[in-house]
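# Chains, contacts and geometry: an overview
Chain residues, written in single-letter form:
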Amino acid sequence: QVKNNFFSNYYYYDEKLRDLSIKKDYFLSNIDNAIKGEWLEVFFQPIIRTASGRVCDEEALVRWNDPEKGMFTPNDFIPVLEDARIIHRLDLYVVDKVLEYLKEKQRMGIELVPVSVNLSRYDFQLCDMVDEICKRVDASGFSRKFINLEITESVTSINPEYIRIQFTRFHEEGFSLWMDDFGSGYSSLNVLKDFEFDLMKFDMRFMRSFKDSNKSRIILTELIQMAKKLGISTITEGVEDEEQFRFVRDIGCEKAQGYYFGKPNPKKNIFNIDKEKIRFQFENPRETPYYD
Ligand code: C2E
Ligand code: MG
Ligand code: MG
Ligand code: MG
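These numbers come from a predicted model, not from an experiment.

Scoring rules and cut-offs
- Residues numbered from 1 in each chain as written.
- Chains lettered and ligands numbered in written order.
- Predicted model: local features only at pLDDT ≥ 70, side-chain atom pairs only at ≥ 80, totals over all residues.
- Heavy atoms only, no water.
- Donors = N, O, S within 2.8 Å, 3.2 Å for Na, K, Ca; no water.
- Salt bridge = Lys/Arg side-chain N within 4 Å of Asp/Glu carboxyl O.
- Helix = DSSP H or I, 4+ residues; strand = E, 2+ residues; numbered from the N terminus.
- Buried < 20%, exposed > 50% of the residue type's maximum accessible area, 1.4 Å probe, protein only.
- Near = heavy atom within 4 Å.
- Polar contact = N/O pair within 3.5 Å; in protein donor to acceptor, adjacent residues only side chain to side chain.
- Areas by Shrake-Rupley, 256 points an atom, 1.4 Å probe, with all protein chains shown as cover.
- Nonpolar A, V, L, I, M, F, W, Y, C, P; charged D, E, K, R; others polar.
- pLDDT = per-residue confidence, 0-100.
- Contact = heavy atoms within 4.5 Å.

Six octahedral donors around a metal ideally sit at 90 or 180 degrees from one another, while four tetrahedral donors ideally sit at 109.5 degrees. Protein coordination of the magnesium ion (ligand 4) is provided by Asp180 (OD), Asp181 (OD), Glu237 (OE) and Glu237 (OE), with donor distances spanning 2.0 to 2.6 Å. Here the magnesium ion (ligand 4) and the magnesium ion (ligand 2) are spaced 3.9 Å apart, and both take Asp180 as a donor.

So, in structure tokens, the structure goes:
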């Protein structure tokens, strides 16, 4: 009955909100099923060292693989679990799955590289993250060097003093801390001064704007020089073609990640790769990907 455009738009907007809240309810009422039923599937994406072109790390990226509703990406459900303050359950589950993955790879004689796990800033409010992660890694028998922790700088906005202590504890326990998505939000250089990160990951928007923007190129170049002087290692995210790869390598970025090297893959794809091709070949990256 509503004919007026203004109202029909309004109505549409309302419907959209309703859809969102249905989706939200769905994730919240099924999180136990998802954890028990293994609907949460961890994918792994390679990170390569630019100088050698070899895979030096992998990043664990979770998906919600719903038996009825299909695949959801993290952007659908992570914010919902964060709002409900239960995100630590998912993140610790991912740690368990990563340790299982390392164990399987080891059994199959596939070379191990450290795997980085994404933490949410809320994890630190919800449990003793350092204890929880140490407990799991120690039970697995793997060295702590095999797990890196990726955290966005927003973590430092919650309770800086508390976070500083947690970072120190992580370091004392032998973990590396990586700052994720630098350059995406309100990145502040002060965070680098006030918190001990071992590595900065540059947000993929640097790569998206790199071809048309001389400014992007200058900023990324200088940030990498700065990181070097601070003794912090660097990764550029979202490298999708050879030109981008050459650029980040030539400006001295130590590591790179993106579809050019490999997409996030379920572990079965990684287990099935040709052993001869297990190392990413720098000379001819397109022909011999690590896996894809
Ligand atoms: P992130 O940590 O910055 O992860 C990188 C994202 O970029 C991933 O998206 C990855 O699939 C995507 N990506 C990688 N290379 C390329 C590329 O060359 N081009 C493009 N266009 N995209 C690329 P994904 O898997 O959808 O994850 C999105 C975000 O969700 C992650 O961003 C991370 O912040 C969060 N996330 C993923 N897994 C977890 C988890 O287990 N726990 C928590 N707390 N957050 C997670
Ligand atoms: Mg990440
Ligand atoms: Mg992240
Ligand atoms: Mg990132």
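On we go.
Quick look at the pattern of salt bridges now. Here the structure, examined in full by the defined rule, presents 26 salt bridges. Asp241 serves as the salt-bridge partner of Lys211, at 2.4 Å between the closest nitrogen and oxygen. Here Lys211 is found in the loop between helix H8 (205–209) and helix H9 (214–229), whereas its partner Asp241 is found in the loop between strand S8 (233–236) and helix H10 (242–250), with 30 residues between them in sequence. For Lys211, a relative accessible area of 39% puts it in the partly exposed group. Residues participating in the shared-partner salt-bridge network are Glu59, Glu150, Lys201 and Glu237.

With that out of the way, let us pick up the site of ligand 1. Close to ligand 1 lie 25 residues, the nearest being Arg63, Asp91, Asp180, Glu240 and Tyr259. In this structure, Gln45 approaches ligand 1 through a side-chain N or O atom, which is 3.0 Å from a nitrogen atom. Take Glu237: an N or O atom from its side chain is 3.3 Å from an oxygen atom of ligand 1. Relative to its unbound accessible surface of 800 Å², ligand 1 loses 85% to contact with the protein. Broken down by secondary-structure element, the contributors of at least two residues to the shell around ligand 1 are strand S2 (55–66), helix H2 (74–83), helix H3 (87–107) and strand S6 (176–182). When residues in the shell around ligand 1 are grouped by element, the largest group, four residues, is from S2. Per-class residue counts for the shell around ligand 1 are eleven nonpolar, six polar and eight charged.

With 88% of its residues at a pLDDT of at least 70, the protein chain reaches an overall mean of 88. In this model, residues 1–8 is a region of pLDDT below 50 whose contacts with residues beyond four sequence positions or in other chains number three contacts. Scored below 50 in pLDDT, residues 278–292 shows 47 contacts in the model against residues more than four places distant or in partner chains. At the level of chain-chain contacts, confidence expressed as ipTM amounts to 0.98, with global pTM at 0.91.

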